Amino acid sequence: MCPEQIIELMHEYLDEEITPEHEQTLREHLQSCKDCEAVFNELKKTIAFVRSVSYMQAPDNFTANVLARLPKEKRKIGMQRWIKNHPMLAAASLFLVLMMGSLFSTWNEDREFSVTKQKNLVVQNNTVIVPKGETVKGDVIVRNGKLKIEGEVQGDVTVINGEKYLASAGHVTGQIDEVNEVFDWIWYHIKKTTHDVVQIFENQPETK
Amino acid sequence: MDAIVKKRIKQVIKGDQDAFGEIVELYKNSIYQLCFRMLGNRHEAEDIAQEAFIRAFVNIKSFNQDLKFSTWLFRIATNLCIDRMRKKKPDHYLDAEVAGTDGLTMYSQIPSNTPLPETELESLELQETVQNEILKLPDKYRSAIVLKYMEELSLNEISEILELPLGTVKTRIHRGREALRQQLRYV
């Protein structure tokens, strides 16, 4: 019977951890001992068998099934990924949200009565009066109040969230605007901005 | 590849499930194979392999990022398999062949009127024999042999996965090899 030590050397060899001297001993022994050579070959064959069956693929949909079983993702992450994937849309919607927000807040904040300051304008409670026979120069804007025009306004008249009475003797040289709804208000803002911008361009040549 | 895995893990820690999907894709075949070789049943293997990934996801914050992710994942899967094996009756695997339904590669469920080429049939029989002999190994030898020869992992990695000293891992592989040799020598 061969020494147990030879079996140990075989395992060292199979673990690829054998020293050159041990390998020499093993080879010499195997050449002289048929039994040990057979065992050694059987071991190598066994390993080859085990290795030969070692390729397996996970079933179809494996990954999808795992993901379906995970606890719910935090919404924050979903948002972040959406923003990453659609940067333009994200920027556009952010712009829209801020824009709408600021418009609504100005609409809601401006609940107080106010009027442009001009000579000859008479204010009684929440009513602004352009008295008979008087002439008001420039644009008149009234917020959250009434406007009675009995005289003349040389300019535009705008009434926001209020009413205006134009007496038969009253006269307005420019445009008359009444703004009562949120969308009118937005429209009014857009018109005003455009008008201002146009005026800046129109005024430029004069400043030169 | 390790760099990609590390990056994905950072995303997973933040809660990104898509990044985890990529990790599953990378390791699904090895983890599924490990479970199948340990349990011998496709349904159980799929169930436990999925469970391993889910545990990895849930516990990702406790993963030490200095370690190899695959080592940690293999450890989770191996432990789940061993738990499952201990709950089963010892020779439950005998009827596992019936339960593994679409097992063309493993269980020759070939209609008898369509003869396969002889070599293919032999290779199917060999696969079946090898798998059955592996399933007969005691679980501590089985895990070591599967990790070594089917997952092709180094002895050091196996020792980290099983959380055992290197010497113990070697002894288990030696005994496993010897047991398999006894069974497969006349094949």
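Not measured: the values here are computed from a predicted model. (Residues numbered from 1 in each chain as written. Chains lettered and ligands numbered in written order. Predicted model: local features only at pLDDT ≥ 70, side-chain atom pairs only at ≥ 80, totals over all residues. Heavy atoms only, no water.)

Section: the overall build of chain B
Stage number 1. Along chain B, the regular secondary structure elements total 9 helices and 0 strands.
Stage number 2. In sequence order, chain B lays out its α and β elements as α-α-α-α-α-α-α-α-α.
Stage number 3. The burial tally for chain B puts 52% of its 187 residues in the buried class.
Stage number 4. Sequence-distant contacts, at least 24 apart, represent 63% of the contacts inside chain B between residues at least 6 apart.
Stage number 5. Put simply, chain B shows about 9,100 Å² of open surface, and 50% of that area lies on carbon and sulfur atoms. (Helix = DSSP H or I, 4+ residues; strand = E, 2+ residues; numbered from the N terminus. Buried < 20%, exposed > 50% of the residue type's maximum accessible area, 1.4 Å probe, protein only. Contact = heavy atoms within 4.5 Å. Areas by Shrake-Rupley, 256 points an atom, 1.4 Å probe, with all protein chains shown as cover.)

Notes on the side chain of B:Glu133
Residues and elements named next belong to chain B.
Stage number 1. Along the chain, the position of Glu133 falls in helix H6 (residues 118-136).
Stage number 2. On the basis of relative accessibility, which here comes to 9%, the residue Glu133 falls in the buried class.
Stage number 3. Leave out the neighbours within four places in its chain, and Glu133 touches Leu180, Gln183 and Leu184.

Thoughts on the interface of chain A and chain B
Stage number 1. If you look at the interface, chain A gives 34 residues, while chain B gives 43 residues.
Stage number 2. A combined buried area of about 3,900 Å² lies between chain A and chain B, and 59% of that area is made up of carbon and sulfur atoms.
Stage number 3. Contact with chain B buries surface across chain A, with A:Met56, A:Phe62 and A:Arg69 losing the most and accounting together for 18% of the total.
Stage number 4. Remark: the boundary between chain A and chain B carries 7 salt bridges.
Stage number 5. Residue B:Asp47 pairs with A:Arg69 through a salt bridge whose shortest N-O separation is 3.7 Å. (Buried area = accessible area lost by both parts, 1.4 Å probe. Salt bridge = Lys/Arg side-chain N within 4 Å of Asp/Glu carboxyl O.)

Here we look at the sheet that holds strand S10 (residues 171-172) of chain A
All names here are of chain A.
Stage number 1. If you walk across this open sheet you meet the 3 strands as S4-S7-S10, and the pairing is parallel. Two strands lie at the open edges of the sheet, namely strand S4 (135-137) and S10, each paired on one side alone.
Stage number 2. The sheet contact formed by strand S7 (residues 152-154) and S10 spans 2 bridges and is parallel. Note on S10: the bridge partner recorded for Glu152 is His171. (Pairing = 2+ DSSP bridges.)

Considerations on the pattern of salt bridges
Residues and elements named next belong to chain B.
Stage number 1. This model, assessed by the stated rule, comprises 19 salt bridges over all chains.
Stage number 2. One salt bridge connects Arg84 with Asp47, and the closest N-O pair in it is separated by 3.4 Å. Pair noted here: Arg84 is in helix H4 (residues 69-87) and Asp47 is in helix H3 (residues 42-58), with a separation of 37 residues, a long-range link.

Digging into the sheet that holds strand S5 (residues 140-143) of chain A
Residue and element names in this part refer to chain A.
Stage number 1. Ordered in space as S1-S5-S8-S11, the 4 strands form an open sheet in which the pairing is mixed. Of all strands in the sheet, those bounded by a partner on one side alone are strand S1 (114-115) and strand S11 (176-179).
Stage number 2. Bridging between strand S8 (residues 157-160) and S11 involves 4 bridges; their strand directions are parallel. Bridging across to S11, Thr158 finds its partner in Asp177.

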